[in-house]
Amino acid sequence: MTTPAALRPQRTPNVIVAVLGLCGIVVALMQTLIVPLVPVLPTILHSSASNASWAITATLLAGAVVTPIAGRLGDMFGKRLVLVASMALLTIGSVLCAVSSSLIVVLVGRVFQGLAMGAIALGISIMRDELPAERVGSAMAVMSATLGVGGAIGMPVAAIIAEKSNWHVLFWVSAGLGLICVLALLAVIPESPVKTPGKFDYVGAFGLSAALVALLLPISKGGDWGWTSGPTVGLVIASVVIFLAWGWYELRVSTPLVDLRVSSRRQVLFTNLSSVAVGFAMYGMSLIPSQILMAPKASGYGMGLSMIEAGLIMAPSGLVMFFCSPVSARISARSGPRTSLGLGAVIIGLGYVFGLFLQNSPWEIMVSTMIIGAGIGIAYAAMPALIMGAVPITETAAANGLNSLMRAVGTSLSAAVVSTVLANMTISLGAFELPSQHGFTVSILISIGAAVISLLLTLLIPRRQPVETAASAPEREKATVG
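Rules used in this analysis
Residues numbered from 1 in each chain as written. Predicted model: local features only at pLDDT ≥ 70, side-chain atom pairs only at ≥ 80, totals over all residues. Heavy atoms only, no water. Helix = DSSP H or I, 4+ residues; strand = E, 2+ residues; numbered from the N terminus. Rg over C-alpha atoms; globule rule 2.2 N^0.38 Å. Buried < 20%, exposed > 50% of the residue type's maximum accessible area, 1.4 Å probe, protein only. Areas by Shrake-Rupley, 256 points an atom, 1.4 Å probe, with all protein chains shown as cover. Lys, Arg positive; Asp, Glu negative; His and termini not counted. Charge placed at Lys NZ, Arg CZ, Asp CG, Glu CD. 1 Å grid on protein atoms, 1.4 Å probe; cavity = no way out; pocket = protein on both sides within 12 Å on 5 of 7 lines; lining within 4 Å. Points joined across faces, edges and corners; volume = space filled by probe spheres on them. Nonpolar A, V, L, I, M, F, W, Y, C, P; charged D, E, K, R; others polar. Axes fitted to C-alpha atoms, helices over the stretch in contact; angles between N-to-C directions. Parallel < 35°, antiparallel > 145°, perpendicular 65-115°, else oblique. Left-handed = near helix turned anticlockwise from the far one by under 90°. Contact = heavy atoms within 4.5 Å. Salt bridge = Lys/Arg side-chain N within 4 Å of Asp/Glu carboxyl O. Core = buried A, V, L, I, M, F, W, Y, C linked by side-chain atoms within 4.5 Å. Phe/Tyr/Trp six-rings, centres within 6.5 Å; stacked < 30°, edge-to-face > 60°. Lys NZ or Arg CZ within 6 Å of the ring centre and 35° of its normal. Disulfide = S-S within 2.5 Å. Expected span 1.5 Å × (residues − 1).

Novice: How would you sum up the overall build of the chain? Please name residues and give values.
Specialist: Of regular secondary structure, the chain possesses 19 helices and two strands. Relative to the 2.2 N^0.38 estimate, which gives 23 Å for 482 residues, the radius of gyration of the chain is 21 Å and therefore close to what a compact globule would have. Counting over 482 residues, the chain shows a buried share of 57%. Total accessible area on the chain stands at roughly 18,700 Å², and carbon and sulfur atoms take up 71% of it. Side-chain charges of the chain comprise 25 positive and 17 negative groups, with the mean position of each set lying 5 Å from the other.

As structure tokens, then:
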């Protein structure tokens with residue numbers, strides 16, 4: 001039965017945006033929460049360095065797998081329901097990590113934290129369903145930027161907590177934040193009336209999960225296993241085969257997990273491909289400047305800063321991302337989201353060019369990361385508008401989930417490529433091997449290339465298409481309402 005919008009509980013748009021934005025930032029924090037612990041992970045988890053690194057890889061894999069699945073479940077059963085479940089899993093995972101020093105228990109907890117990664121795509125879709133049309137563009141921009149904002153501010157906050165207190169406190173804090181999000185969602189966010197009845201595509205979900213694990217696992221662990229080793233090459237080949245079989249199946253099932261016909265539309269396809277390149281450039285900003293800041297001065301290029309000091313230098317980039325998101329929404333409203341995405345790619349490239357020539361002091365690196373952050377904020381904010389302007393309203397969560405997945409693929413590729421470059425271009429400093437300055441130069445040039453590729457892909461997006469920012473009344477009436 002359809003519930004007219006006028007009879008449904010009304011919430012202040014600002015409160016809805018604030019709650020959903022908080023969820024996005026908390027989920028994004030999980031990516032950098034454990035970064036300050038990386039050097040001591042083997043010790044605190046009583047494990048080898050190789051095994052301890054799974055505490056990072058597990059979250060990455062879980063997030064990549066769950067993002068498109070959570071979106072589809074939200075479209076089918078209710079976006080708020082799935083979002084609350086996501087934040088509850090994050091809370092449970094945080095508690096598991098907080099109460100144990102066992103590698104297995106921490107890995108399970110980190111998987112649960114990763115299973116919350118669908119929250120950002122779900123939040124964007126809820127905004128489309130619940131907010132007045134004139135507020136949707138700016139709200140989606142803010143929500144989309146939370147992924148970068150949370151990641152940028154997470155490192156200094158986590159470093160301060162980890163250095164000043166027991167490492168378990170990190171996870172108690174994340175558990176508290178997760179619980180606050182659950183309670184706020186239940187109190188403020190109404191369940192969306194827009195649902196897509198149908199049978200869940202279990203085969204498609206399993207196939208996509210298998211293909212993503214087969215792709216991302218060698219990308220994440222290739223440096224440890226060897227890029228030409230049997231497991232690395234075998235998994236890459238397996239991912240290609242599984243993706244092809246999965247695509248064949250998805251085109252033939254009546255209710256697919258991912259509607260590939262919609263996803264192949266030029267506006268959706270090239271936005272998603274551009275998202276991979278922007279995700280690559282974003283993670284490069286996290287990897288490259290921080291290592292330069294913390295490298296010893298004896299290296300000839302390093303600044304000898306602590307993790308906290310480096311994090312504080314990097315933190316303004318996250319704030320710039322946040323404040324540039326509404327700017328992106330205004331540009332999109334005036335000139336179209338394609339223009340915003342292209343402009344963001346250009347600014348990202350300029351920020352890396354600045355960093356290529358000016359990296360002699362902390363303030364120069366801070367300015368460089370702020371410019372890159374501005375570009376990422378503008379680009380990320382444009383993506384949901386491009387996606388939702390080309391997909392049916394009943395598929396918004398799944399479509400946004402796929403777009404978030406593309407960004408995650410980009411960050412994974414960046415981590416693999418940049419880490420490989422820096423691991424193979426080194427200098428000796430006493431008994432230690434450090435990345436060389438030439439290695440950082442090559443990494444920056446690769447990131448500039450990613451920004452250029454993003455711009456070229458953006459130019460292939462159709463110049464003008466009607467962008468549906470909110471469901472019209474007739475469309476709502478056609479949708480099945482729970």
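Right, picking up where we left off after that structure.
Novice: Tell me about unusual backbone geometry, and please be specific about residues and values.
Specialist: With a phi close to 55 degrees, His 46 is a non-glycine residue in the positive phi region. The class for His 46 is exposed, based on a relative accessible area of 66%.

Novice: Got a sec to walk through the layout of surface pockets? Specific residues and values, please.
Specialist: Size it by volume and the second largest pocket reaches roughly 330 Å³. If you trace the second largest pocket, you find 16 residues lining it, with Phe 243, Trp 246, Leu 260, Leu 402 and Met 406 closest to the centre. By residue number, the principal contributor to the lining of the second largest pocket is helix α17 (residues 396-424), which donates four residues. Residues belonging to the lining of the second largest pocket are distributed by class as follows: 13 nonpolar, three polar and no charged.

Novice: So what's going on with the packing of helix α13 (residues 266-294) against helix α16 (residues 362-388)? Which residues, and what values?
Specialist: Interhelical geometry of α13 versus α16 gives an angle of 160 degrees and a closest axis separation of 10 Å. Judged by the inter-axis angle, α13 sits roughly antiparallel to α16. For the pair α13 and α16, the sense of crossing is left-handed. Contact with α13, carried on its side by Gln 267, Val 268, Thr 271, Asn 272, Ser 275, Val 278, Gly 279, Met 282, Met 285, Pro 289, Ile 292 and Leu 293, involves Pro 362, Ile 365, Thr 369, Ile 372, Gly 373, Ile 376, Ala 379, Tyr 380, Met 383, Ala 385, Leu 386 and Ile 387 of α16 and no other residues of that element. Taken together, the residues of the contact of α13 with α16 sort by class into 17 nonpolar, seven polar and no charged.

Novice: Residues and numbers for the pattern of salt bridges, please.
Specialist: Applying the stated criterion across every chain yields a total of two salt bridges. Here Lys 79 and Asp 75 are joined by a salt bridge, their closest N and O atoms 3.9 Å apart. In terms of burial, Lys 79 and Asp 75 fall into one category: buried. Here Asp 129 ties to Lys 79 by a salt bridge, and the two come within 2.9 Å at their closest N and O atoms. You can see Asp 129 sitting in helix α7 (residues 119-130) and its partner Lys 79 sitting in helix α5 (residues 79-99), a full 50 residues away along the chain. With respect to burial, Asp 129 and Lys 79 carry one shared label: buried. Among the ionic contacts, a cluster of salt bridges with common partners joins Asp 75, Lys 79 and Asp 129.

Novice: I'd like to hear about the nonpolar core, residue by residue, with values.
Specialist: With 99 residues, the main nonpolar core has Leu 20, Leu 37, Met 87 and Leu 185 as its most contacted residues. Sequence-distant contacts of Leu 185, defined by excluding residues within four places in its chain, comprise Val 19, Leu 20, Cys 23, Arg 80, Leu 83, Val 84 and Met 87. Ranked by size, the runner-up nonpolar core spans 21 residues in total, among them Val 65, Phe 200, Leu 212 and Leu 217.

Novice: Quick one: what's the story with the packing of α7 against α17, residue by residue and with numbers?
Specialist: Helices that pack against each other are described as a pair by the angle of their axes relative to one another and the distance between those axes. α17 packs onto α7 with a crossing angle of 145 degrees between their chain directions and a minimal axis gap of 8 Å. In this structure, α7 meets α17 at a crossing whose hand is right-handed. From α7, Ala 121, Leu 122, Ile 124, Ser 125 and Arg 128 reach across to α17, where they touch Thr 396, Ala 397, Asn 400, Gly 401 and Ser 404. Here the contact of α7 with α17 is composed, by residue class, of four nonpolar, five polar and one charged.

Novice: If you had to explain the packing of aromatic side chains to someone new, which residues and values would you point to?
Specialist: Per the stated rule, a full pass over the model turns up four aromatic pairs. On the numbers, 6.0 Å between centres and 90 degrees between planes, the contact of Trp 167 with Phe 171 is edge-to-face. Residues Trp 167 and Phe 171 agree in their burial class; the two are buried. With a centroid separation of 5.5 Å and an interplanar angle of 85 degrees, the aromatic rings of Phe 322 and Phe 323 are classed as edge-to-face. Lying over the aromatic face of Tyr 380, Arg 407 brings its terminal NZ or CZ to 4.3 Å of the ring centre.

Novice: Talk me through the state of the cysteines; I want residue IDs and the actual numbers.
Specialist: All told, the structure shown has zero disulfides when counted by the stated rule. With no disulfide of its own, Cys 23 has Cys 181 as its nearest cysteine by sulfur position, at a separation of 3.9 Å.

Novice: Could you give an account of α5, with specific residues and numbers?
Specialist: Taking 1.5 Å of rise per residue, the 21 residues of α5 would be expected to cover 30 Å, and the 31 Å separating its terminal C-alpha atoms lies within 8% of that figure. Buried within α5 we find Lys 79, Val 82, Leu 83, Val 84, Ser 86, Met 87, Leu 90, Thr 91, Gly 93, Ser 94, Cys 97 and Ala 98. Along its buried surface, α5 packs onto α1 (13-32), α4 (54-77), α6 (103-114), α7, α9 (168-188) and α17.

Novice: Could you give an account of the environment of Leu 186, naming the residues involved and the relevant values?
Specialist: Turning to its location among the elements, Leu 186 is positioned in helix α9. The class of Leu 186 is partly exposed, set by a relative accessible area of 46%. For the pair Leu 186 and Arg 80, spaced 106 residues apart in sequence, the C-alpha to C-alpha distance is 8.3 Å.

Novice: Would you mind going over the environment of Leu 122 in detail, with residue names and values included?
Specialist: Here Leu 122 shows up in helix α7. Owing to a relative accessible area of 0%, Leu 122 belongs among the buried residues under this scheme. Residues Leu 122 and Leu 20, spaced 102 residues apart in sequence, show a C-alpha to C-alpha distance of 9.1 Å. Those residues in contact with Leu 122, other than ones at most four positions away along the chain, are Ala 70, Gly 71, Gly 74, Lys 79, Val 82, Leu 83, Ser 86 and Ala 397.

Novice: Lay out empty space enclosed by the protein in plain terms, naming residues and giving numbers.
Specialist: One pass over the full model with this rule turns up one cavity of 30 Å³ or more. Within this model, the largest cavity holds a volume of roughly 110 Å³. Around the largest cavity, the lining is made up of 14 residues, and of these Ile 288, Pro 289, Gly 355, Ser 368 and Ile 444 lie nearest the centre. For the lining of the largest cavity, the secondary structure elements donating two or more residues are α13, α15 (337-357) and α16.

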